[in-house]
Amino acid sequence: MIDAHYHLDLYPDAEAVTARAINEGHYILSVTTTPKAWRNTLALAKGAPRIRTALGLHPELAFERHRELALFEALLPEARYVGEIGLDGSPAQKPHQEIQLRCFKAILNACAAAGGRIMSVHSRRAASAVLDAYQERSNAGILILHWFSGNQNELARAVRADCWFSVGPAMVRSASGRALLSAIPAERVITETDGPFGKNGTASLGPGQVGAALQTIAEIWRVHPSEAEARIANNFRALTANVPSFPDQSVSRRAPMR
Ligand code: MN
């Protein structure tokens, strides 16, 4: 399966979870929440070509981790993927809007200067602000809006800005999430779990456990789930081939997908 937003390093048994992801053959975008987490999270996936580790600075941590921006910039040349980054406009985060925006803009600038990156982006209650910042720095690369929850106008704007969307079981559980999904062009949809935050009941989703999302995507596309899975695998290949300065060798057209 394609799991384009997964917090491998936040599982207490991260090694076992990694082994499971490898065994089951999933393609994982392993996002991090602080630059300091990058090295160890990258090491977890050593020798696992289907797990790509993204360099991140989560917006909800920006207020206490903004000093790690310099480290982010120092590590960026080694990182093919960036995330989790973005903005969060939830009430609890209101006091930190300014520092969040400063970090997000600095990251977009750094990515632009580095030739562009594929970025997994958080935009809860902040979709317009994310798109405003991206509009100023669209040469930062390609945005994957993860668990998108903006309104339909914001979605349309994101589609016009060539954004991608990673859709997980949590997103398709709500009627508004399903309405958004119906409006996203099929060729811009990939799957995610957002584990361990993404859950099935009370249990955190394991790597690649995107089945519930795939089921709903298949219903909306009016295809068999296996066909939806194949199309999403194709989308993921197209996406990762999209940053010319980082041709991704690990997802060749011949690589078997499971
Ligand atoms: Mn996340």
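Everything below is about the structure printed above this text.
A quick note: this is a predicted structure, and the numbers were derived from the prediction, not measured.

### Looking at the coordination of the manganese ion
Reasoning step 1: Every protein donor of the manganese ion is accounted for by His5 (NE2), His7 (NE2), Glu84 (OE) and Asp194 (OD), and the metal-donor separations fall at 2.2 to 2.3 Å.
Reasoning step 2: Taken in chain order, the donor set of the manganese ion reads H-x1-H-x76-E-x109-D. Note that His5 is positioned in strand S1 (residues 2-6) and Asp194 in the loop between strand S8 (189-191) and strand S9 (199-200), a separation of 189 residues in sequence.
Reasoning step 3: For His5, a relative accessible area of 0% gives the class buried.

### Section: the environment of Ala74
Reasoning step 1: Among the structural elements, Ala74 can be located in helix H4 (residues 69-75).
Reasoning step 2: Taking the C-alpha atoms as reference points, Ala74 and Pro35, separated by 39 residues in sequence, lie 9.6 Å from one another.

### Topic: the pairing of strand S5 (residues 117-122)
Across a regular strand the side chains alternate sides, sitting on one face of the sheet and then on the other.
Reasoning step 1: With respect to burial, S5 is a largely interior element, 6 of its 6 residues being buried.
Reasoning step 2: Every second residue of S5 is oriented toward a common face, with Arg117, Met119 and Val121 on one face and Ile118, Ser120 and His122 on the other, all of them buried.
Reasoning step 3: As paired elements, strand S4 (residues 81-86) and S5 share 4 bridges and run parallel to each other. Within the sheet, the bridge partner assigned to Ile85 lies in S5 and is Val121.
Reasoning step 4: With helix H5 (residues 97-113) bridging S4 and the parallel S5, this β-α-β connection has right-handed handedness.
Reasoning step 5: Bridge count for S5 against strand S6 (residues 141-146) is 5 bridges, and the pairing is parallel. Note on S6: the bridge partner recorded for Met119 is Leu143.
Reasoning step 6: Between S5 and its parallel partner S6, the chain crosses via helix H6 (residues 127-136), and the hand of that crossover is right-handed.

### Structural notes on the nonpolar core
Reasoning step 1: Formed by 67 residues in total, the largest nonpolar core has its most connected members in Met119, Leu145 and Phe165.
Reasoning step 2: Of the residues forming this core, the biggest block, 9 residues, is contributed by H5.
Reasoning step 3: The residues contacting Phe165, other than those within four sequence positions of it, are Ile144, Leu145, Phe148, Leu155, Ala158, Val159, Ile184, Arg188, Val189 and Ile190.
Reasoning step 4: Tyr6, Tyr11, Ala45 and Ile51 belong to the second largest nonpolar core, which has 11 residues in total.

### Brief notes about the pattern of salt bridges
Reasoning step 1: For the structure on display, the rule yields 8 salt bridges.
Reasoning step 2: In this structure, the salt-bridge partner of Arg231 is Glu227, at a minimum N-O distance of 2.7 Å. Of this pair, Arg231 and Glu227 both sit in helix H11 (residues 225-240), 4 residues apart, which is roughly one turn of the helix.

### Some remarks on the packing of aromatic side chains
Ring pairs (aromatic) are described by centroid distance and by the angle formed between their planes.
Reasoning step 1: Going through the model one piece at a time under the given rule, you end up with 3 aromatic pairs.
Reasoning step 2: Both rings, one in Phe148 and one in Phe165, keep their centres 5.8 Å apart while their planes meet at 85°; by these two values the pair is edge-to-face. Remark: Phe165 occurs in strand S7 (residues 164-167) and Phe148 occurs in the loop between S6 and helix H7 (152-160); sequence separation between them is 17 residues. Phe165 matches Phe148 in its accessibility class, with the two residues each being buried.

### With respect to the pairing of strand S2 (residues 27-30)
Reasoning step 1: Alternating positions in S2 separate into two faces, Tyr27 and Leu29 on one and Ile28 and Ser30 on the other, with burial throughout.
Reasoning step 2: Both S1 and S2 contribute to a ladder of 3 bridges, which runs parallel. Bridged to Asp3 within S2 is Ile28.
Reasoning step 3: Once you follow S1 into helix H1 (residues 14-24) and on to S2, the crossover reads as right-handed.
Reasoning step 4: As judged from the 3 bridges shared by S2 and strand S3 (residues 51-55), these two strands associate in the parallel manner.

Rules used throughout
- Residues numbered from 1 in each chain as written.
- Predicted model: local features only at pLDDT ≥ 70, side-chain atom pairs only at ≥ 80, totals over all residues.
- Heavy atoms only, no water.
- Donors = N, O, S within 2.8 Å, 3.2 Å for Na, K, Ca; no water.
- Helix = DSSP H or I, 4+ residues; strand = E, 2+ residues; numbered from the N terminus.
- Buried < 20%, exposed > 50% of the residue type's maximum accessible area, 1.4 Å probe, protein only.
- Pairing = 2+ DSSP bridges.
- Right-handed = clockwise from strand over helix to strand, strands pointing away.
- Core = buried A, V, L, I, M, F, W, Y, C linked by side-chain atoms within 4.5 Å.
- Contact = heavy atoms within 4.5 Å.
- Salt bridge = Lys/Arg side-chain N within 4 Å of Asp/Glu carboxyl O.
- Phe/Tyr/Trp six-rings, centres within 6.5 Å; stacked < 30°, edge-to-face > 60°.

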